[in-house]
Every structure is written in C-alpha cells, then in structure tokens.
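Each chain, letter by letter, is given below.
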Amino acid sequence: MERPGSVDLMAVVNTVHEPWSPRTVGTVNDYDVRVVRAHGEFTRHSHPETDEFFLVLTGSLTIRMDAGDVALSAGEIYIVPKGVEHQPVSPEGGTILLIEPTATVNTGDTPSELTAERRVVRGRPTGSP
Ligand code: NI
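For every chain, the first residue of the written sequence is number 1, and numbering continues from 1 along that sequence. Under the rules for a predicted model, residues below a pLDDT of 70 receive no local features and side-chain atom pairs below 80 are neither given nor counted, while totals for whole chains, interfaces and linings still include all residues.

**A closer look at the overall build of the chain**
Part 1 of the argument: Note on conventions: DSSP H or I runs of at least 4 residues are helices, E runs of at least 2 residues are strands, and numbering of each starts at the N terminus. Of regular secondary structure, the chain possesses one helix and six strands.
Part 2 of the argument: When the helices and strands of the chain are listed from N to C terminus, the series reads α-β-β-β-β-β-β.
Part 3 of the argument: The quantity called the radius of gyration is restricted to C-alpha atoms. Its globule counterpart is 2.2 Å times the number of residues to the power 0.38. For the chain, whose C-alpha radius of gyration is 15 Å, the value lies close to the compact-globule estimate of 14 Å for 129 residues.
Part 4 of the argument: The C-alpha extent of the chain, read off along each of the three principal axes, is 50 × 30 × 25 Å.
Part 5 of the argument: Classification of the 129 residues of the chain by burial places 22% in the buried group. Any residue whose C-beta has 12 or fewer other C-beta atoms within 10 Å is treated as exposed, any with 20 or more as buried, and any in between as partly exposed, C-beta atoms being built from the backbone.

So, in structure tokens, the structure goes:
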C-alpha cells in the first residue's frame, strides 16, 4: 500500500484563487481536514448535525453570530457549536483550516452560489521533492 505523503497547506491554498472554496487535505476517521481561502463575506448558515472547527492560519477571520462576533487572528481557533447560525467574513483575507465530518457541506442548511463540492487534494507521494 502506498504511503500517503505530506501535505504543504500553503502550497495547496496557493493553487486555489477563489475564496470560500475548500480543499480536503486529509481525513481523520470520519472527519475532513480542509483548507480554504477566506475573503469578503460568506453565506450565513448553520450545521444542524455538527460542530465546526476553525483555525486561522494566516490573516484574519470574523465569525458573525447572534450572540456576538468572534474575531480571530492567525494561530487562533474557534469551534462553532452545531445548530448555531454563523457567517464567516474576512475583509482583509485569510487562510483557514477547518475540521468537520466528511459529509459536511460548507453552506450547511443554506445553499447558495458559494456552496462547494467536496474536493480532495492528495499529498505528494512519499520521497518526492
Ligand atoms: Ni459553517
């Protein structure tokens, strides 16, 4: 069996120019690890079935919620509880790492023009440069 290679997160992000279009870079049991470029305003939505984990890798992200906004900088995490309406926004732009079940759709219960298919990026084969 071929051993999966490592994944350079920023190299993956740098191949994706459109914002809010996540790439799955790995799976942990039933969960996806995804990276996404954030810029501007995303669709307000909720995930009735699951929490959603955010880690800001670069730049910044604000998660708007009825209970108040959460402003995140690089190196900060936030977990949106399941069922909670949230709208990620990033006026200055940023890159985000997400952890959520593989079946999770980015716009949750609110399909929009920003709804994205699950797209998986394979790591480089072990030993390649
Ligand atoms: Ni969400």
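Anyway, onward from the coordinates.
**Some details on the environment of Ala 38**
Part 1 of the argument: Topologically, Ala 38 is positioned in strand 2 (residues 31-41).
Part 2 of the argument: The spatial distance from the C-alpha of Ala 38 to the C-alpha of Glu 76 is 15 Å, given a sequence separation of 38 residues.

**Considering the environment of Ala 74**
Part 1 of the argument: With respect to the element layout, Ala 74 can be found in the loop between strand 4 (70-73) and strand 5 (77-80).
Part 2 of the argument: The contact criterion used here is simple: two residues whose C-beta atoms, placed from the backbone, lie within 7 Å are in contact. Apart from residues lying up to four places away in sequence, Ala 74 is in contact with Val 56, Leu 57, Thr 58 and Gly 59.

**Here we look at unusual backbone geometry**
In most cases, non-glycine residues show a negative phi, while peptide bonds are predominantly trans.
Part 1 of the argument: Of note in the backbone geometry, Trp 20 takes a positive phi value of approximately 65 degrees without being a glycine.
Part 2 of the argument: Mapping Trp 20 onto the fold places it in the loop between helix 1 (9-13) and strand 1 (23-28).
Part 3 of the argument: Looking at Trp 20, the number of C-beta atoms within 10 Å reads 23, which means it is buried.
Part 4 of the argument: Phi is positive for Asn 29, close to 55 degrees, though the residue is something other than glycine.
Part 5 of the argument: With respect to the helices and strands, Asn 29 occurs in the loop between strand 1 and strand 2.

**Some thoughts on the nonpolar core**
Part 1 of the argument: What makes a nonpolar core is a set of buried Ala, Val, Leu, Ile, Met, Phe, Trp, Tyr and Cys residues, with links drawn between C-beta atoms within 7 Å. By size, the foremost hydrophobic cluster in this structure holds twelve residues: Trp 20, Val 35, Val 36, Ala 38, Phe 42, Phe 54, Val 56, Leu 61, Ile 63, Leu 72, Val 80 and Ile 96.
Part 2 of the argument: Of all elements in the fold, only strand 2 and strand 3 (52-64) reach the threshold of two or more residues within this core.
Part 3 of the argument: Per-element accounting of this core gives the leading share, four residues, to strand 3.
Part 4 of the argument: When residues no more than four places from it in sequence are discounted, the contact partners of Ile 96 are Val 36, Ala 38, Phe 54, Leu 55, Val 56, Leu 57 and Leu 61.

**Focus on the pairing of strand 4**
Part 1 of the argument: At least two bridges found by DSSP between two strands are what make those strands a pair. In terms of strand pairing, strand 3 meets strand 4 through four bridges, oriented antiparallel. Across the sheet, residue Leu 61 finds its bridge partner in strand 4, namely Leu 72.
Part 2 of the argument: Hairpin remark: strand 3 followed by strand 4, antiparallel, with five residues in the connecting loop; positive phi at Gly 68, about 135 degrees.

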